[in-house]
Amino acid sequence: MEPAATTAATSSTSKPYRGIRMRKWGKWVAEIREPNKRSRIWLGSYSSPIAAARAYDTAVFYLRGPSARLNFPDSIGEYGGCSDGGLDDLSAAAIRKKATEVGAKVDALENQNCASVQREPVGVQRCSGRVCLNTDLNEYPTPEPSDEN
């Protein structure tokens, strides 16, 4: 039998990481429930699922400590989250602030990497992993050269 994390990641494309979900219009949001309370801490809205998952990881680490189940356990301090080592008793507002800072950094890096990966030739546009020809429907088609000689 497969672990729950592996099964969830492979069977559901709409929720690839813990603590995040995708809005109808494509934004990824992160939130976490406060321990022993019914309230939630809003961690922000991001353009990539990785940024939302990193924000969630930061918040869950501050709430539950090193034993928390993280999306990216190897990189908890990489983007400024939890770098002070403090598992102090932080308020929900402080946790939200730290998590949104980390998520915003990751989101900016993700957007920067996507923009600089590859410039497409004129007339070709990348559409979420697919190549879409950007054709002008008002232009008359040019005849193809014939090989008759």
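Whatever comes next refers back to the structure up there.
Just so it is clear, the structure is predicted and the values come from calculations on it, not from any experiment.

Caption draft 1: Spotlight on the nonpolar core. By size, the foremost hydrophobic cluster in this structure holds 21 residues, and its most contacted members are I32, L43, A52, A59 and V60. Those elements that place two or more of their residues in this core are β2 (28–33), β3 (40–46), α2 (49–64) and α3 (92–117). In terms of residue count, the dominant contributor to this core is α2 (eight residues). Ignoring any residue separated from it by four or fewer positions in sequence, one finds A52 in contact with I20, W28, V29, A30 and Y46.

Caption draft 2: Structural context of the environment of K27. Its location among the elements puts K27 in the loop between β1 (20–22) and β2. Take K27: its relative accessible area is 36%, and that puts it in the partly exposed class. Separated by 19 residues in sequence, K27 and Y46 have C-alpha atoms that sit 5.8 Å apart. What K27 contacts, discounting residues up to four positions off in sequence, is R21, M22, S45, Y46 and S47.

Caption draft 3: Examining unusual backbone geometry more closely. Phi angles above zero are rare outside glycine, and N36 is one such case at about 60 degrees. Within the fold, N36 resides in the loop between β2 and β3.

Caption draft 4: Examining the sheet that holds β3 more closely. Strand order across the open sheet formed by three strands is β1-β2-β3, with antiparallel pairing between neighbours. Of all the strands in the sheet, the pair left with one neighbour each is β1 and β3. Here the average twist between neighbouring strands, direction ignored, is 25 degrees. Of the pairings in the sheet, the one linking β1 to β2 comprises three bridges and is antiparallel in character. The partner of R21 across the bridge, within β2, is V29. This element, α2, spans β1, β2 and β3 of the sheet and lies at about 15 degrees to β2.

Conventions we followed
Residues numbered from 1 in each chain as written. Predicted model: local features only at pLDDT ≥ 70, side-chain atom pairs only at ≥ 80, totals over all residues. Heavy atoms only, no water. Core = buried A, V, L, I, M, F, W, Y, C linked by side-chain atoms within 4.5 Å. Buried < 20%, exposed > 50% of the residue type's maximum accessible area, 1.4 Å probe, protein only. Helix = DSSP H or I, 4+ residues; strand = E, 2+ residues; numbered from the N terminus. Contact = heavy atoms within 4.5 Å. Pairing = 2+ DSSP bridges. Axes fitted to C-alpha atoms, helices over the stretch in contact; angles between N-to-C directions.

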